[in-house]
2 protein chains.
Amino acid sequence: MTTFEQLLDARRILDGVAHNTAVATSQTLNASVGAEVFLKCENLQRIGAFKFRGAWNSVSHLDPAIRARGVVTHSSGNHGQAIAKVGQLMNIPTTIVMPTTAPVTKRAAAEGYGATIVEHDPATQKREEVSASLVEEHGYQLIPPFNHEHVIAGQGSAAAELHDEIDDLDLLITPCGGGGLLSGSALATKNMRRKCKVIGIEPELGDDATRSFRTGTIQRVENPQTIADGTRTESVGDITFPMIRHYVDDMQTVTEQAIIDAVKFLFLRLKLVVEPSGALGVAALMSGVVSAPGKRIGVILSGGNIDSATMMRVLNEGRN
Amino acid sequence: MTTFEQLLDARRILDGVAHNTAVATSQTLNASVGAEVFLKCENLQRIGAFKFRGAWNSVSHLDPAIRARGVVTHSSGNHGQAIAKVGQLMNIPTTIVMPTTAPVTKRAAAEGYGATIVEHDPATQKREEVSASLVEEHGYQLIPPFNHEHVIAGQGSAAAELHDEIDDLDLLITPCGGGGLLSGSALATKNMRRKCKVIGIEPELGDDATRSFRTGTIQRVENPQTIADGTRTESVGDITFPMIRHYVDDMQTVTEQAIIDAVKFLFLRLKLVVEPSGALGVAALMSGVVSAPGKRIGVILSGGNIDSATMMRVLNEGRN
């Protein structure tokens, strides 16, 4: 498990590199949920998501000679963008394994940061195998998207900043995909504000971590078709899961409609661009899945990378 | 003309009431326009636009007995929302004259702040006549949307905050509708950073202020069908125009496409929700209408009140 010392170390490493993102508040939101809500705006983080933190921290910990050879990962989402951006900033080569089906915009964004894209056909090859062969062939270092102690330590720095800025939170809510953000946030919270509860939120359609949390063994879900694409991971990992079991108080799930409504609300009323995965916490509060009347609630808005087509769907289907 | 002393007074009155909004920066935007750009995020102001500043300041200056009778205005846009919100906060009655054609959402928002809506049929009645009759009948005080010295002083406080936070701007760019924001911003700038140029931006379709600026006499435009609905005013006023002539260095216009592209860019890349009128400055920079290579440029993002239908149009039509 990642230690709090590693998290404090990550904060030093990220100081002046990652943005200490704004904390937004809204009387409208507070009135709507009957509590005092503090939104940690990681949608305004570099590359538009908290993933920059873990990527920078983990690459920073590599031995310089290893780092110089380059880094590879197999995430076409925010972690891939983050690794590409870190490579650009550190001037080291990065390779992102992406399925042939990945949106052109994601390829273009990673290439814009100077990454090399290696395509794989998801029907015939596992992405893990492709990155393993690149590690083998070129000596690249693999940085996985969540199941890595320095990635987790980096992700936890967002919650640590929130606790520094906002005193005495009663509850912290974060999205959960592979559990890197959730476990890091819970680690920060239980070391900084022992009495603050931590709840992780998943889409109903991708409820593997919630089932894992309840059963005590890692459960899986296959390619869930949730709009919250950042949480489509198959399962939590063997590092994140023990941390979730140890530090997290509860897990809950939200419907697709609740996610869509939350993204639309954040857009129209708070003027915040938040991607579906990033809106899980607000979705839980606004749909009543999580309720804490009169309490001080921190919510991590984990990212803002929503594309035009998804936003149009949200505007069409969101209730308002 | 509004004086700098009135603007300083407005700052004191607004202190702790209006948000001192964030200043956003973006390496992507800087690279795109070849300059250092500082975005004053009035889209994150109360009611989602700078209009809160002028409304609060002007209502604050009313004699308490007059204020208690109530305030009326005839703006269905952000100024109307701002007056309604100020009325709610100060616990005084407000009346907003809106055309029968106003969107339901704008009526609902003003009513949500406790305002009374008075409808008028734009085909048969001038909105100014309706508010004049309400002034006559009920003793309400009329607060016009821009042509008012305390409104202008309030609007200028945003630029003053920007100069306080960001040293040595070479250029400040603001949208121009009736000229309240532009004249207030120019007043602040020429008193705080004498060497900083000020440029006002209008849509090509509603270029009355630009023509007025060039000809020296107030020109008009009738109900221009620009997407930048905050700048559809018929003309600048007899208070704002002399201030624009005295303090503003230049006026320029941008195409509808440039406005749409800017709103989409701010959404997708900067994660900022900005309404079309609010994006005029970024549109001018990104389309090359205003160019200041290597300079430090302040841009006021004046508001974020964009509705779903307009955002869908932007996502459909914006080039990216």
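Residues numbered from 1 in each chain as written. Chains lettered and ligands numbered in written order. Predicted model: local features only at pLDDT ≥ 70, side-chain atom pairs only at ≥ 80, totals over all residues. Heavy atoms only, no water.

Caption draft 1: Inspection of the overall build of chain A at higher detail. Scanning chain A for helices and strands turns up 14 helices and 10 strands. Taken over the C-alpha trace, chain A has a radius of gyration of 18 Å; the compact-globule value for 320 residues is 20 Å, and the two agree within 12%. Taken along its principal axes, the extent of the C-alpha atoms in chain A is 55 × 45 × 40 Å. Here chain A, with 320 residues, has 59% of them falling under the buried criterion. Contacts spanning at least 24 positions in sequence make up 73% of the contacts within chain A whose residues lie at least 6 apart. Surface accessibility of chain A: about 12300 Å² in total, with carbon and sulfur atoms responsible for 47%. (Helix = DSSP H or I, 4+ residues; strand = E, 2+ residues; numbered from the N terminus. Rg over C-alpha atoms; globule rule 2.2 N^0.38 Å. Buried < 20%, exposed > 50% of the residue type's maximum accessible area, 1.4 Å probe, protein only. Contact = heavy atoms within 4.5 Å. Areas by Shrake-Rupley, 256 points an atom, 1.4 Å probe, with all protein chains shown as cover.)

Caption draft 2: Focus on the interface of chain A and chain B. Counting residues at the interface gives 22 residues for chain A and 22 residues for chain B. Of the roughly 1700 Å² buried between chain A and chain B on both sides combined, carbon and sulfur atoms contribute 62%. On the surface where chain A and chain B come into contact, there are 0 salt bridges. Connecting chain A to chain B are 4 residue pairs in polar contact (both at pLDDT 80 or more). Taken together, the elements giving at least two residues each to the side of chain A that touches chain B come down to helix H12 (256–268) and helix H14 (308–317) of chain A. For the side of chain A that touches chain B, the leading source of residues is H14 of chain A, giving 5 residues. Of the residues belonging to the side of chain A that touches chain B, the class tally is 10 nonpolar, 7 polar and 5 charged. (Buried area = accessible area lost by both parts, 1.4 Å probe. Salt bridge = Lys/Arg side-chain N within 4 Å of Asp/Glu carboxyl O. Polar contact = N/O pair within 3.5 Å; in protein donor to acceptor, adjacent residues only side chain to side chain. Nonpolar A, V, L, I, M, F, W, Y, C, P; charged D, E, K, R; others polar.)

Caption draft 3: Region of interest: the relation of the copies chain A and chain B. Turning chain A through 180 degrees and shifting it by 0.0 Å along the axis lays it on chain B, with an RMSD of 0.0 Å. Both copies of the chain, as the preceding transformation shows, are related through a two-fold rotation axis. When the interface residues of chain A are mapped onto chain B, 100% of them are again interface residues, pointing to one common binding face. (Least-squares fit on C-alpha atoms with pLDDT ≥ 70 in both.)

Caption draft 4: Layout of the sheet that holds strand S9 (residues 250–254) of chain B. Residue and element names in this part refer to chain B. The 6 strands are arranged S1-S2-S10-S7-S8-S9 in an open sheet whose pairing can be described as mixed. Each edge of the sheet is formed by a strand with only one pairing partner; in this case those strands are strand S1 (23–24) and S9. Strand direction decides the pairing type here: S1 and strand S2 (residues 36–41), joined by 2 bridges, are antiparallel. Following the sheet pairing, Ala24 is matched in S2 by Leu39. (Pairing = 2+ DSSP bridges.)

Caption draft 5: Highlighting the pattern of salt bridges. All names here are of chain A. Here the structure, examined in full by the defined rule, presents 34 salt bridges over all chains. We note a salt bridge from Glu234 to Arg220, for which the minimum N-O separation is 3.0 Å. Remark: Arg220 occurs in the loop between helix H10 (208–215) and helix H11 (240–247) and Glu234 occurs in the loop between H10 and H11; sequence separation between them is 14 residues. Overall, the relative accessible area of 42% leaves Glu234 in the partly exposed class.

Caption draft 6: Layout of the pairing of strand S7 (residues 171–175) of chain B. Residues and elements named next belong to chain B. Among the 5 residues that make up S7, 5 are buried, leaving the element largely enclosed by the rest of the structure. A two-sided burial pattern is seen for S7, the buried positions comprising Leu171, Ile173 and Pro175 on one face and Leu172 and Thr174 on the other. For S7 and strand S8 (residues 197–203), the ladder comprises 5 bridges, and the chain directions are parallel. Paired with Leu172 across the two strands is Val198, which belongs to S8. With helix H9 (residues 180–192) bridging S7 and its parallel neighbour S8, the resulting β-α-β unit is right-handed. (Right-handed = clockwise from strand over helix to strand, strands pointing away.)

Caption draft 7: Spotlight on the sheet that holds strand S6 (residues 141–142) of chain B. All names here are of chain B. Strand order across the open sheet formed by 4 strands is S5-S4-S3-S6, with parallel pairing between neighbours. Strands at the two margins of the open sheet, each flanked by one partner only, are strand S5 (116–120) and S6. In this sheet, S6 lies alongside strand S3 (residues 71–73) in parallel orientation, the contact comprising 2 bridges. By the bridge assignment for S6, Val72 is matched with Leu142. Along the sheet, helix H5 (residues 78–90) makes contact with S3 and strand S4 (94–99), crossing S4 at roughly 160 degrees. (Axes fitted to C-alpha atoms, helices over the stretch in contact; angles between N-to-C directions.)

Caption draft 8: Geometry of the nonpolar core. One finds Leu39 of chain A together with Leu39 of chain B to be the most contacted residues of the largest nonpolar core, which totals 86 residues. Contact partners of Leu39 of chain A, with chain neighbours within four places excluded, come to Ala22, Val23, Ala24, Leu29, Leu266, Leu270, Leu272, Val282, Val299 and Leu301 of chain A. (Core = buried A, V, L, I, M, F, W, Y, C linked by side-chain atoms within 4.5 Å.)

Caption draft 9: Expanded view of the packing of aromatic side chains. Using the criterion set out here, one finds 3 aromatic pairs over all chains in the structure. Ring centres 6.0 Å apart and planes at 80 degrees place the aromatic pair Phe267 of chain A and Phe267 of chain B in the edge-to-face group. With Phe267 of chain A in helix H12 and Phe267 of chain B in helix H12 (residues 256–268), the pair connects residues from two separate chains. Classification of Phe267 of chain B as buried rests on a relative accessible area of 1%. (Phe/Tyr/Trp six-rings, centres within 6.5 Å; stacked < 30°, edge-to-face > 60°.)

Caption draft 10: Up close: the pairing of strand S10 (residues 296–301) of chain A. Residue and element names in this part refer to chain A. The buried fraction of S10 amounts to 5 of the 6 residues, a majority that puts the element mostly inside the structure. By the bridge criterion, 6 bridges tie strand S2 (residues 36–41) to S10 in an arrangement that is parallel. Considered in S10, the bridge of Glu36 is made with Arg296. Pairing analysis gives 3 bridges linking strand S7 (residues 171–175) to S10, with the strands arranged parallel. Opposite Leu171, over in S10, you have Ile297 as the bridge partner.

Caption draft 11: Structural context of the confidence of the model for chain A. On average, chain A scores 96 in pLDDT, and the residues at 70 or more come to 100%. Taken together, the chains of this predicted complex give a pTM of 0.93 and an interface ipTM of 0.90. (pLDDT = per-residue confidence, 0-100.)

Caption draft 12: A look at unusual backbone geometry. Not every positive phi belongs to a glycine, and Asn223 of chain A is a case in point at roughly 45 degrees. Positionally, Asn223 of chain A belongs in the loop between H10 and H11.

Caption draft 13: Structural view of H14 of chain A. Every buried residue of H14 of chain A is listed here: Ser308, Met311, Met312, Val314 and Leu315 of chain A. One side of H14 of chain A holds all its buried residues, which, seen down the axis, span an arc of 160 degrees. The exposed residues of H14 of chain A that point more than 90 degrees off its buried face are Ala309 and Asn316 of chain A. Contacts made by the buried residues of H14 of chain A are with H12 of chain A together with H12 and helix H14 (308–317) of chain B. (Arc of directions from axis to C-beta.)

Caption draft 14: Spatial organisation of the packing of H5 of chain B against helix H6 (residues 104–112) of chain B. Residue and element names in this part refer to chain B. Between H5 and H6, the shortest axis-to-axis distance is 8 Å and the interhelical angle comes to 20 degrees. With respect to each other, H5 and H6 are oriented roughly parallel. The way H5 lies across H6 gives a crossing that is left-handed. Between H5 and H6, the residues in contact are Gln81, Ala84 and Gln88 and Lys106, Ala109, Ala110 and Gly112, respectively. Residue composition of the contact of H5 with H6, by class: 3 nonpolar, 3 polar and 1 charged. (Parallel < 35°, antiparallel > 145°, perpendicular 65-115°, else oblique. Left-handed = near helix turned anticlockwise from the far one by under 90°.)

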